[in-house]
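Residue strings, one per chain:
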Amino acid sequence: MTISLTEEKATAIAEHCKALVDLDRVKIRAVAQVVGKIISSLPGVMYGALYHRNIELDKTRALRQNAGNFDAYMTLSDGAKKELNWWVRNAQVSYNLISHGNPDKVLTTDASLTGWGAVFENESTGGSWSTAEKTNNINALELLAVFFGLKCYAKNANNIHIRIMTDNTTAVSTINHMGTCHSDICNTIGKDIWEWCLARSIWISAAHIPGKMNVQADMESRKINSGAEWMLNPTDLQKSLTQLQFTPVIDLFASRINKQFVRYASFRPDPEAEIIDAFTIQWGNLKFYMFSPFSVVPAVLRKIVEDQAMGVCVLPDWPTRAWTNLERHKISATAKDVIMASWRESTKKQYRTYLTRWEQFCAERNINWSNATVEQGIDFLANLFEQKLSYSAINTARSALSVILTPKDGTSFEKTD
């Protein structure tokens, strides 16, 4: 069931708003009268509460500057004029629902000074604040957490009612009242949330959840993921890409904090990510850039080979890590020589001794030395122990083998238990 303004009242509001927009200077009293008409019409205009606070704030400031004189003149801000124009366009066509029904989905959010967290159904996510976002007060951060949660889990939703659960009463009030006159930043974020939802025909309502019950979202908001937020200096990266004559179109391992390009894929739900989990898509048709977590480098190299993909991949020069097993990852001989040439001479000497022993060990047992199993590698180390080599020597041999052996889970042989 719906309710709406009478034709006479809707027409009068539209005309009064149009009259104010056309004036450069207007009496405070005239603005106050229009604000009163707008407020009285809100029950019949579904989104009307979003479009009156700038007008109200302008009026309040003007009264303060003119010692409460309603007959003084004032100038309307651009924000107030935009709101008046909204009423001109929508007053005669708007309506409201008596009830929006029970929520279809529930989103629980929380914010800390460290970051934000969100829980939706059986999934949770979160992230850190940017340097600029950290300057906001906690109420604004709580509203940003709501916005980020919606962007993560409702970007493809349509025509549903989502209940927001938050332990911040200001956020609850701002959402349910479609804004606030008490804080410019909270009003701006609240309006952004509602307009984002409006574009998707999503209705939201908010309710309070006690902080002691908001455990999972709170935990997500306090995680410090600095280890996953590495990035190259953007200026240096662009110089390198220019030298390579290569222009990526997407960053395959990023977050909204460290993305190098507008389009990016994230490992977990992220407010602005185009793709969640780069491993779920085909890379062959993408010109990509990536600075992936070191733990997934072996899987990255395998996928590049499997998808016959081309891109820029940033890797640390760590000779003892699994990704230097270049033969198994089918890296070209030229590329292999370039990378191995970067090893220190002392490393080459140490590894050469044990890799030579490893080749002999494999030849005696008819084992393919470049594709042996972890178990066979362990047998080799045991054989060295039986030959009474020192623990230091065996550890060096273990590091050397990590150049050759890559366990199936993508970790380094050096870290195999």
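One numbering rule holds for all chains: residues counted from 1, following each sequence as written. Since the coordinates come from a predicted model, pLDDT governs what is reported: local features require at least 70, and pairs of side-chain atoms require 80 or more to be given and counted, while whole-chain, interface and lining totals use all residues. Hydrogens and waters are ignored; side-chain quantities use all the structure's heavy atoms.

A. Here's a closer look at the sheet that holds strand β5 (residues 105–111). The rule for pairing is simple: two strands pair if DSSP sees at least two bridges between them. What counts as a helix is a DSSP run of H or I of at least four residues, what counts as a strand is a run of E of at least two, and both are numbered from the N terminus. Taken together, the 5 strands give an open sheet; going across it, the order is β7-β6-β5-β8-β9, and neighbouring strands pair in mixed fashion. Each of the sheet's edge strands pairs with one partner strand only, and the pair in question is β7 (123–128) and β9 (203–208). Looking at each pair of strands side by side, their axes are set apart by 20° on average, direction ignored. Looking at chain direction, strand β6 (residues 115–120) and β7 are connected through 6 bridges and run antiparallel. Directly across from W116, in β7, lies its bridge partner G127. Axes, fitted as lines to C-alpha atoms, cover a helix only where it is in contact. Angles between the N-to-C directions of the axes lie from 0 to 180 degrees.

B. Region of interest: the environment of K151. Looking at where K151 falls in the secondary structure, it is placed in helix α5 (residues 138–153). In this structure the C-alpha to C-alpha distance between K151 and W196, which are 45 residues apart in sequence, comes to 8.8 Å. Contacts: residue pairs with any heavy atoms within 4.5 Å of one another. Those residues in contact with K151 that sit more than four places away from it in its chain are W196 and P271.

C. Representation of the side chain of E83. Tracing the chain through its elements places E83 in helix α4 (residues 78–90). Those residues in contact with E83, other than ones at most four positions away along the chain, are L50, Y51, H52, R53, N54, I55 and K191.

D. Local environment of the nonpolar core. Core analysis: the largest hydrophobic core is formed by 66 residues, its most contacted members being Y47, W87, L150, I164, I193 and I204. Top element by residues in this core is α5. It accounts for 11 residues. The start and end points of each domain follow an automatic or database-based domain assignment. Residues from two domains meet in this core; each of domain 1 (2–96) and domain 2 (105–222) gives at least three. Once residues lying within four places of it in the same chain are set aside, the contact partners of L150 are L107, K155, I162, I164, I193, W196, C197 and I204. Only buried Ala, Val, Leu, Ile, Met, Phe, Trp, Tyr and Cys residues count toward a nonpolar core, and they belong to the same one when joined by side-chain atoms within 4.5 Å. Buried, partly exposed and exposed residues are distinguished by accessible area as a fraction of the type maximum, computed with a 1.4 Å probe on protein chains only: under 20%, between the cut-offs, and over 50%, respectively. Listed in part, the 17 residues of the second largest apolar core include L381, L389, I394 and A400.

E. Focus on the pattern of salt bridges. Whenever Lys or Arg places a side-chain nitrogen within 4 Å of a carboxyl oxygen from Asp or Glu, that contact is recorded as a salt bridge. Taken as a whole, this structure holds 15 salt bridges when the rule is applied. Two residues, R29 and D71, come together in a salt bridge whose shortest N-O distance is 3.1 Å. A residue pair is termed long-range when its members are at least 10 positions apart, and R29 in helix α2 (residues 28–41) and D71 in the loop between α3 (53–65) and β3 (73–74) qualify at 42 residues. When its relative accessible area of 37% is taken as the criterion, D71 is described as partly exposed. Between E272 and K259 there is a salt bridge whose closest N-O contact spans 2.8 Å. With a gap of 13 residues between them, E272 in the loop between β11 (265–266) and β12 (275–276) and K259 in the loop between β10 (250–251) and β11 connect regions that are remote in the sequence. Because the salt bridges share partners, they merge into one network encompassing D58, R61 and D184.

F. Examining the side chain of E142 more closely. Note on placement: E142 falls in helix α5. No salt bridge is formed by the buried E142, whose closest oppositely charged neighbour, R222, lies at an N-O distance of 7.6 Å. Sequence-distant contacts of E142, defined by excluding residues within four places in its chain, comprise D110, A111, T166, D167, N168 and A171. Here Asp and Glu are counted as negative and Lys and Arg as positive; His is not counted, and neither are the chain ends.

G. Quick peek at helix α13 (residues 374–386). Each helix should span, by expectation, one fewer than its residue count multiplied by 1.5 Å. A rise of 1.5 Å per residue sets the reference length of α13, with its 13 residues, at 18 Å; its end C-alpha atoms lie 19 Å apart and thus fit the reference within 8%. Following α13 by one or two positions, K388 has its phi on the positive side, about 65°.

H. Inspection of the packing of helix α1 (residues 7–21) against α4 at higher detail. Two elements in contact, α1 and α4, have axes whose closest approach is 8 Å; the angle formed by their N-to-C orientations is 150°. If you check the angle between α1 and α4, you find them roughly antiparallel. Of the two elements, α1 crosses α4, and the hand of that crossing is left-handed. Only K81, L84, N85, W87 and V88 of α4 make contact with α1, whose side of the interface consists of I13, A14, C17, K18, L20 and V21. Here the term charged refers only to Asp, Glu, Lys and Arg, the term nonpolar to Ala, Val, Leu, Ile, Met, Phe, Trp, Tyr, Cys and Pro, and the term polar to all other amino acids, Gly among them. Class assignment for the residues of the contact of α1 with α4 results in 8 nonpolar, 1 polar and 2 charged. Oblique is the label for any angle not under 35 degrees, not over 145, and not in the 65 to 115 range, which are roughly parallel, roughly antiparallel and roughly perpendicular in turn. By convention, the crossing between two helices is left-handed when the near helix turns anticlockwise from the far helix through less than a right angle, and right-handed when the turn is clockwise.

I. Empty space enclosed by the protein, seen in detail. Cavities and pockets are defined on a 1 Å grid built over the protein atoms alone: a cavity is a set of grid points where a 1.4 Å probe fits but cannot escape, while a pocket is an open set with protein on both sides within 12 Å along at least five of seven lines, and lining residues are those with an atom within 4 Å of any such point. Grid points are joined across faces, edges and corners, and a volume is the space filled by probe spheres set on the points. Enumeration over the complete set of coordinates arrives at 1 cavity of 30 Å³ or more. Of the pockets and cavities examined, the largest cavity occupies roughly 50 Å³. Taken together, W230, M231, L232, D251, F253, A254, N258, Q260, Y289 and F291 make up the lining of the largest cavity. Looking at the lining of the largest cavity residue by residue, the class counts come to 7 nonpolar, 2 polar and 1 charged.

J. Representation of the sheet that holds β10. The sheet built from 3 strands is open, its strands ordered β10-β13-β14 with parallel pairing. Looking along the sheet, the strands with just one partner apiece sit at the ends: β10 and β14 (310–313). The pairing of β10 with strand β13 (residues 287–290) spans 2 bridges and is classified as parallel. By the bridge assignment, D251 is partnered in β13 with Y289.

K. Summary view of the packing of α3 against α4. Contact pair α3 / α4: the axes reach a minimum separation of 7 Å and the direction vectors enclose 135°. Looking at the two axes, α3 sits oblique to α4. Remark: the crossing between α3 and α4 carries left-handed chirality. When α3 is examined against α4, the residues R53, N54, I55 and D58 are found in contact with a partner set consisting of G79, A80, E83 and L84. Looking at the contact of α3 with α4 residue by residue, the class counts come to 3 nonpolar, 2 polar and 3 charged.

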